[in-house]
Amino acid sequence: MTDSNPRISRRDLLQNTAIVAVGSAAFNASALSYSRIVGANDRIALGHIGVGVRGRELQGMAAELKTSKNVEMTAVCDLWTINRERAVADSQKHYGRAARAYKHAEEMLAAGNVDAVIISTPEHGHSLQLKMVADAGKDAYCEKPMGNVLAEVQAARDVVLARKNLVVQIGTQHRSEPFGVRVRELIREGVLGDVTKYEIAWNYHGPRWRGRPEVKLIREQDTDWNAWLMNKAYRPFDPQLYFEYRLYKDFSSGIADQWMSHGIDLCHFFLDESHPISAVAHGGVFAWHDGRENPDTFQTLLTYPKGFLVSYATSFGNDAPGYTRIMGTKATLYNSGGEGSPRWALVEEKGNHEQDDDIDAKRTRKDILLPGDKTLAPMGIADEDLSHITNWFDCLRSRKEPNATVRDGFAHSVACMMAARAYESGKKVYWDAKAEVFLDHPPTA
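Side note on the sheet that holds strand β14 (residues 331-336)
No. 1: The sheet built from 10 strands is open, its strands ordered β16-β15-β14-β13-β7-β11-β10-β9-β17-β18 with mixed pairing. Every interior strand has two partners, whereas the edge strands, β16 (365-367) and β18 (437-439), have only one. Taking the axes of each pair of neighbouring strands and ignoring which way they run, one obtains an average angle of 15 degrees across the sheet.
No. 2: Of the pairings in the sheet, the one linking strand β10 (residues 297-304) to strand β11 (residues 308-315) comprises 8 bridges and is antiparallel in character. Its bridge partner lying in β11, Leu 301 is registered against Ser 311.
No. 3: The strands touched by helix α13 (residues 406-425) within the sheet are β9 (278-284), β10, β17 (429-432) and β18, with β9 carrying the most contacts at an inclination of about 55 degrees.

Comments concerning the confidence of the model for the protein chain
No. 1: Of all residues in the protein chain, 91% have pLDDT values of 70 or greater, and the mean over the chain is 92.
No. 2: Contacts from residues 1-39, a stretch scored under 50 in pLDDT, to residues over four places away or in other chains number 61 contacts.

Points about the sheet that holds strand β5 (residues 139-142)
No. 1: An order of β3-β2-β1-β4-β5-β6 is seen for the 6 strands of this open sheet, with the pairing classed as parallel. Where the open sheet ends on each side, the last strands, each with one partner, are β3 (100-102) and β6 (168-170). Within this sheet the neighbouring strands show an average axis-to-axis angle of 20 degrees, counted without direction.
No. 2: Looking at chain direction, strand β1 (residues 44-49) and strand β2 (residues 71-77) are connected through 6 bridges and run parallel. In the sheet register, Gly 47 faces β2, and the bridge partner there is Ala 75.

Describing the environment of Ala 227
No. 1: By the element assignment, Ala 227 lies in helix α8 (residues 225-229).
No. 2: Overall, Ala 227 belongs to the buried group, its relative accessible area being 12%.
No. 3: Spatially, the C-alpha atom of Ala 227 lies 20 Å from that of Ala 155, the residues being 72 residues apart in sequence.

Concerning the packing of helix α7 (residues 178-188) against helix α10 (residues 255-271)
No. 1: Interaxial distance between α7 and α10 falls to 8 Å at its minimum, and their mutual angle equals 45 degrees. Here α7 is positioned oblique relative to α10, judged by the angle of their axes. Seen from α7, the contacting residues are Gly 180, Val 181, Val 183, Arg 184 and Ile 187; seen from α10, they are Phe 269, Phe 270 and Leu 271.
No. 2: Broken down by class, the residue content of the contact of α7 with α10 amounts to 6 nonpolar, 1 polar and 1 charged.

With respect to the nonpolar core
No. 1: Leu 130, Met 260, Phe 270 and Ile 326 are the most contacted members of the largest nonpolar core, which has 90 residues in total.
No. 2: Beyond its immediate sequence surroundings of up to four residues, Phe 270 is in contact with Gly 180, Val 183, Arg 184, Ile 187, Tyr 198, Ile 326 and Trp 344.
No. 3: Formed by 24 residues, the second largest nonpolar core is a distinct cluster that contains Met 73, Tyr 95, Val 167 and Ile 389.

Comments concerning unusual backbone geometry
Glycine aside, a negative phi is what most residues show, and trans is what most peptide bonds show.
No. 1: Each neighbour pair has its own omega, and for Lys 144 with Pro 145 the value is -10 degrees, a cis peptide bond.
No. 2: Considering the arrangement of structural elements, one finds Pro 145 in the loop between β5 and α6 (150-163).
No. 3: If you check the backbone angles, Lys 164 has positive phi at about 70 degrees while not being a glycine.
No. 4: For Lys 164, a relative accessible area of 73% translates into the label exposed.

Things to note about the pattern of salt bridges
No. 1: Counting across every chain of the model gives 30 salt bridges.
No. 2: For the salt bridge of Asp 135 with Lys 131, the shortest nitrogen-to-oxygen distance reads 3.0 Å. Here Asp 135 pairs with Lys 131, and both are found in helix α5 (residues 126-135), just 4 residues apart, close to one helical turn.
No. 3: Asp 135 gets classed as partly exposed once you look at its relative accessible area, which sits at 30%.
No. 4: On the basis of relative accessible area, Lys 131 is assigned to the partly exposed category, the value being 29%.
No. 5: In this structure, the salt-bridge partner of Lys 197 is Glu 199, at a minimum N-O distance of 2.9 Å.
No. 6: Owing to a relative accessible area of 27%, Lys 197 belongs among the partly exposed residues under this scheme.
No. 7: The class of Glu 199 is buried, set by a relative accessible area of 9%.
No. 8: Among the charged side chains, a salt-bridge network with shared partners connects Arg 210, Glu 244, Asp 290 and Arg 292.

Concerning the side chain of Gln 154
No. 1: Its place among the elements puts Gln 154 in helix α6.
No. 2: Ignoring anything within four residues of it in the chain, the contact list for Gln 154 reads Phe 410 and Glu 436.

Comments concerning the side chain of Asp 296
No. 1: Here Asp 296 is to be found in the loop between β9 and β10.
No. 2: Buried within the structure, Asp 296 lacks any salt-bridge partner; its nearest side chain of opposite charge belongs to Arg 292, at an N-O separation of 4.9 Å.
No. 3: A polar contact is formed between the side chain of Asp 296 and the backbone nitrogen of Ala 287, at a distance of 2.8 Å.
No. 4: Here the side chain of Asp 296 touches Trp 288 through a polar contact of 2.7 Å, landing on its backbone nitrogen.
No. 5: In this structure Asp 296 touches Ile 255, Gly 284, Val 285, Phe 286, Ala 287, Trp 288, Thr 314, Ser 315 and Phe 316, once residues within four positions along its chain are discounted.

Examining the packing of aromatic side chains
No. 1: Counted according to the given criterion, the structure contains 21 aromatic pairs.
No. 2: Between Trp 259 and Phe 316, the ring centres sit 5.2 Å apart and the planes meet at 80 degrees, which makes this aromatic pair edge-to-face. On the criterion of sequence distance, the pair formed by Trp 259 in helix α10 and Phe 316 in the loop between β11 and β12 (317-318) is long-range, its members being 57 residues apart. Pair check on accessibility: Trp 259 and Phe 316 agree, each one buried.
No. 3: The interplanar angle of 5 degrees and the centroid separation of 6.2 Å between the aromatic rings of Tyr 323 and Tyr 334 together place this pair among those described as stacked. Linking Tyr 323 in strand β13 (residues 323-328) with Tyr 334 in strand β14, this pair joins segments that are 11 residues apart in sequence.
No. 4: You can call Tyr 334 partly exposed: its relative accessible area is 26%.
No. 5: Aromatic ring contacts, followed pair by pair, group Trp 80, Trp 225, Trp 228, Phe 237, Tyr 242, Phe 243 and Phe 251 into a single cluster.
No. 6: The ring of Tyr 204 is capped by Arg 208, whose NZ or CZ atom sits 4.6 Å from the centre of that ring.

Conventions adopted
Residues numbered from 1 in each chain as written. Predicted model: local features only at pLDDT ≥ 70, side-chain atom pairs only at ≥ 80, totals over all residues. Heavy atoms only, no water. Pairing = 2+ DSSP bridges. Helix = DSSP H or I, 4+ residues; strand = E, 2+ residues; numbered from the N terminus. Axes fitted to C-alpha atoms, helices over the stretch in contact; angles between N-to-C directions. Contact = heavy atoms within 4.5 Å. pLDDT = per-residue confidence, 0-100. Buried < 20%, exposed > 50% of the residue type's maximum accessible area, 1.4 Å probe, protein only. Parallel < 35°, antiparallel > 145°, perpendicular 65-115°, else oblique. Nonpolar A, V, L, I, M, F, W, Y, C, P; charged D, E, K, R; others polar. Core = buried A, V, L, I, M, F, W, Y, C linked by side-chain atoms within 4.5 Å. Salt bridge = Lys/Arg side-chain N within 4 Å of Asp/Glu carboxyl O. Lys, Arg positive; Asp, Glu negative; His and termini not counted. Polar contact = N/O pair within 3.5 Å; in protein donor to acceptor, adjacent residues only side chain to side chain. Phe/Tyr/Trp six-rings, centres within 6.5 Å; stacked < 30°, edge-to-face > 60°. Lys NZ or Arg CZ within 6 Å of the ring centre and 35° of its normal.

Right, here's the structure in full:
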């Protein structure tokens, strides 16, 4: 590119023009969507922004529910020609007719012919696109994290809440899965006593997020690089960044954004908490020296207002078994497996190892099963589980709050940003809940 100021591009002109068009139609679009969905049997018309790997999974999930929930993917949007054309073909296969295709989200929203929008783009765009969709008066399902820039996450949350009637689900899907719901019920019943520590360790052996095959397929002329960058500083076209963005700190914090977001959201869900008080973090690139900027080995400690410590750790250099431990004064809830594992057990807290080497065998252990289950739950659950998107579809009609609101999305985003900020700075980071700012010292009373 030879433009001396490439950030002032046709994308900027399109976006500014579309904002006027979307803004002028927002009230009518919202009213139309609301009146069509509430108490109606009309088919819900879905739009979809970002139809890459996760996007195709979400497309398939929506298609599985097309009859029972009366939904149809009627519009798809992706900057890359290959993704866009494949999404159109998928819609033809799933619904018997092709979805309308758009290169830019602004164009799809300005057309005004969808009721709700799924957002599954790279994470540096989540907050910006959620705000855009909310400004257009559309309900949304936005992949996690809700965002990784504080001002952008605040702006998206505030627009959604200000409109009052929007149904927005954030993609922390484990809140809707039955074993997670059962664990929360047990904790609320008081089985743990006072919780003082919450531990998460999820591992993987391999150069996670490096080596995407699409890197060798994309050409700059087949996408809109400026639009992909959104509000980030211009840099020359980079196919690796385009698809392996989780490795680059200006676009993602990697482990914190992608994995910790699920773990800390479950912590908030189980313990009825929101934002941490403080965070420290450490790690580095110890296993995969492949040009990645974000750590492949990461650990963070967070304190919470209710008086407990959270430890989150991930290694990409060793696949040691993952686990979660919620440690209380009466018992421990122990989860075997990595992210999303439904295998939970409740272990009685009595005695001490110092006095009895065999105390573990004497502690009562109860596996957590659902009604009617005869065998242990598996140690993993597919990302394509339908519980969460089903909850969103149901709420589109009932207009009730979904299981993962923008308040929940804001909370997990704050925790992840604190951990990432602590890692990058090497300093303890504090959260001022009243002013909603990060500090390098405890907030004043």
